[in-house]
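Report on the structure
What follows is each chain in one-letter form.
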Amino acid sequence: MIGGTIASQFASPDSVAEWIALARMLERRARLLADDRALASGAWNDAGFAVECAIKAVIMYRERLNRWPEKAEHPEYYDHNLKRLAALAGIAITPSHPIAAAFKVVFDWNRSQTYSYKAMPRAVARGMVEAAFGEEGVVPWLCLNCLPKP
Amino acid sequence: MAVPELSAEAVAAGREYYEALRTLGMHPEGVFWAYDEAADEQALILLTSLYDMVGPYEVSKLLIKAYNLSATPQDVSPFIVQVHGPTQDVAIAAADFCRNLKGLTLQTRIEGEAGWAEIKLGEPVKPWVDGERYLRPDPHFHIEGTALTLYVEGFIHIADKPLRVDQRKREWARFSSRVNALAA
C-alpha cells in the first residue's frame, strides 16, 4: 500500500460481534500467559485490552452504530482509558455495586504498562484476568447486562 | 496540561484514609496524591506488597468492602484509589522520588526577584516569609515515562523498604480478617 498508514492495513473491528470476537481472542491469550512467569505482564495487558474491546462493543450497541466511527467523527472513542470509555458507554458503577471490585481493578489498567520490559508477579496478572473474565468479571457482566444475547 | 491544585481537604482525607487502613491492619508502603494525566483526575496512590502477593482483585474486594462498611473515609471513593505493587514501574519511580524527598535540594524562584534560591524539600511547602520575600517550592513533580505528576504537599506516607514475605502474609491475614469481621 502506497501512502497508507500502518493502521489502515489491518482490519479493525467494525461491529459489536467483531469487538467481542477480539475480546474473546485476547481472553484466550491472557489466560495462556497468566501462568507464565516471564510473560505474565502480557496477560495483564491483554486482559485490559479485552475489557476495552468489550466496552467499545457496548458503545456501538447503545449508540446504534452500524460501523466503528472514524477518529475525526468521534475522537472521544479513540481512548484507552477504561473509566472514560465506560462513562461514554453509559456504564455507571458505584462502590456498592456487586461488580465494583472487578471494575476497580480494570479501571486501574494502564496501556503504558505495555512498554514495561520487567516481569510482573503472576498473582497480579491472574488477578487482572479474574477481574476481567472471571465468573463475576467485567467482560461476562458486560455481555450479560449491556449487550444483546448471542 | 495544567495540574489542578490539590485541596487541603484532599490532603486531610488522604491522611484519614491512610490511618483507616492502618486501623484495619494494612500497613501500606506508600500513600500519596498524584494527578493522573491519562485519566485527567487526582488519584490517591496506594503502594502495597499485598498487590503483588494476592493480586489486585483480592485487594480491591477488601478496599471496596471496607469503604461500603464506612471503615474508610467516604470522601475517598475506591475508584480514585490507584493500587500499585512495589514492583510496578510507577511505584518504583514514585518511591525513589519519595525516598529522596527529604534530602533533595530544589532550586526555586523568589517571587518578585530575578534569581533562584535553594531550599530543602521536606521543609514546609506553603509559602513562607523570609524578610519580604516569599519562597514557593514547585508543588509538582512529574514522573518521567508515566502519566503521573506527584504533589509534594500530598505525600502522606512512604516506607523505607518493602515488607518481607512473612510480614506480608501476616498483614494480609490481619487486614482480611478485620474487614471480614466488620462485614459479619
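Residues numbered from 1 in each chain as written. Chains lettered and ligands numbered in written order. Predicted model: local features only at pLDDT ≥ 70, side-chain atom pairs only at ≥ 80, totals over all residues.

**Section: the overall build of chain A**
Of the regular secondary structure elements, chain A holds six helices and zero strands. For 150 residues, the compact-globule estimate of 2.2 N^0.38 gives 15 Å, and the C-alpha radius of gyration of chain A, at 15 Å, lies within 12% of that figure. Projecting the C-alpha coordinates of chain A onto the three principal axes gives extents of approximately 45 × 40 × 25 Å. Counting all 150 residues of chain A, 45% fall into the buried class. Long-range pairs, those at least 24 residues apart, make up 74% of the contacts in chain A between residues at least 6 apart in sequence. (Helix = DSSP H or I, 4+ residues; strand = E, 2+ residues; numbered from the N terminus. Rg over C-alpha atoms; globule rule 2.2 N^0.38 Å. Buried ≥ 20, exposed ≤ 12 C-beta atoms within 10 Å, placed from the backbone. Contact = placed C-beta atoms within 7 Å.)

**What about the overall build of chain B?**
A tally of regular secondary structure across chain B gives five helices and nine strands. Mapped in sequence order, the helices and strands of chain B form the string α-β-β-α-α-β-α-β-β-β-β-β-β-α. Taking all contacts inside chain B whose residues are at least 6 apart in sequence as the whole, residues at least 24 apart take part in 65%.

**Section: the packing of helix α5 (residues 122-133) of chain A against helix α6 (residues 138-145) of chain A**
All names here are of chain A. Running from amino to carboxyl end, α5 crosses α6 at an angle of 5°, the nearest separation of the two axes being 3 Å. Taken together, the axes of α5 and α6 are roughly parallel relative to one another. For the pair α5 and α6, contact is made by Ala 131, Ala 132 and Phe 133 and by Val 138, Val 139 and Pro 140, respectively. Residues belonging to the contact of α5 with α6 are distributed by class as follows: six nonpolar, no polar and no charged. (Axes fitted to C-alpha atoms, helices over the stretch in contact; angles between N-to-C directions. Parallel < 35°, antiparallel > 145°, perpendicular 65-115°, else oblique. Nonpolar A, V, L, I, M, F, W, Y, C, P; charged D, E, K, R; others polar.)

**Brief notes about the interface of chain B and chain A**
Taken together, the 25 residues of chain B in the interface contact 22 residues of chain A. Where the side of chain B that touches chain A is concerned, the elements lending two or more residues are α2 (49-54), α3 (56-68) and β3 (81-84) of chain B. Among the residues making up the side of chain B that touches chain A, the classes are represented as 13 nonpolar, eight polar and four charged.

**Quick notes on helix α5 (residues 165-183) of chain B**
In a regular helix each residue adds 1.5 Å, so 19 residues correspond to 27 Å; α5 of chain B covers 27 Å between its end C-alpha atoms and thus fits that length. On its buried face, α5 of chain B sits against α2 and α3 of chain B. (Expected span 1.5 Å × (residues − 1).)

**Notes on the sheet that holds strand β2 (residues 41-47) of chain B**
Residue and element names in this part refer to chain B. The five strands are arranged β3-β2-β1-β9-β8 in an open sheet whose pairing can be described as mixed. Edge strands, defined here as strands with exactly one partner in the open sheet, are β3 and β8 (140-142). Within this sheet the neighbouring strands show an average axis-to-axis angle of 35°, counted without direction. For β2 and β3, the ladder comprises four bridges, and the chain directions are parallel. Following the sheet pairing, Ile 45 is matched in β3 by Gln 82. (Pairing = 2+ DSSP bridges.)

**Topic: the packing of helix α4 (residues 100-107) of chain A against α5 of chain A**
Residue and element names in this part refer to chain A. Closest axis-to-axis distance for the α4/α5 pair is 9 Å, and the angle between their directions is 125°. In terms of their interaxial angle, α4 and α5 are classed as oblique. α5 is crossed by α4, and the crossing has left-handed handedness. Each of Ala 102, Val 105 and Val 106 in α4 lies in contact with α5, whose residues at this interface are Gly 127, Met 128, Ala 131 and Ala 132. Looking at side-chain class alone, the contact of α4 with α5 contains six nonpolar, one polar and no charged residues. (Left-handed = near helix turned anticlockwise from the far one by under 90°.)

**Examining the environment of Gln 82 of chain B**
Take Gln 82 of chain B: it is sitting in strand β3. The class for Gln 82 of chain B is buried, based on 21 C-beta atoms found within 10 Å. Between the C-alpha atoms of Gln 82 of chain B and Asp 40 of chain B, which are 42 residues apart in sequence, the distance is 13 Å. If sequence neighbours within four positions are ignored, Gln 82 of chain B has contacts with Asp 108 of chain A together with Ala 43, Ile 45 and Leu 46 of chain B.

**Describing the pairing of β2 of chain B**
Residues and elements named next belong to chain B. Of all seven residues in β2, five are buried; the element is thus mostly enclosed. Alignment of strand β1 (residues 30-36) against β2, held across seven bridges, turns out to be antiparallel. Across the sheet, Trp 33 pairs through a bridge with Leu 44, a residue of β2. Between the antiparallel neighbours β1 and β2 lie four residues, among them Asp 40 with a positive phi of about 55°.

**A word on α6 of chain A**
Within α6 of chain A, the full set of buried residues consists of Val 138, Val 139, Trp 141 and Leu 142 of chain A. Down the axis, α6 of chain A shows its buried residues gathered within 160° of arc, on one side only. (Arc of directions from axis to C-beta.)

**Focus: the nonpolar core**
Across soluble globular proteins, you tend to see nonpolar side chains buried next to one another. All names here are of chain A. If you look at the biggest cluster of nonpolar residues, it comprises 87 residues, and the most contacted ones within it are Ala 50, Val 51, Ala 54, Val 106 and Ala 132. No other element matches helix α2 (residues 40-62), which puts 14 residues into this core. Not counting the four nearest positions on each side in its chain, Ala 50 is found in contact with Ala 23, Leu 26, Glu 27, Ala 30, Ala 132 and Val 139. (Core = buried A, V, L, I, M, F, W, Y, C linked by C-beta atoms within 7 Å.)

**Quick look at the pairing of strand β9 (residues 148-158) of chain B**
Residue and element names in this part refer to chain B. In this structure, β1 lies alongside β9, joined through six bridges in antiparallel fashion. When the sheet's bridge partners are listed, Ala 34 is paired in β9 with Leu 150. In this structure, β8 lies alongside β9, joined through three bridges in antiparallel fashion. Following the sheet pairing, His 140 is matched in β9 by Tyr 151. What sits between the antiparallel neighbours β8 and β9 is a turn of five residues, in which Gly 145 has the positive phi angle 80°.

None of this, on its own, says anything about what the molecule does.
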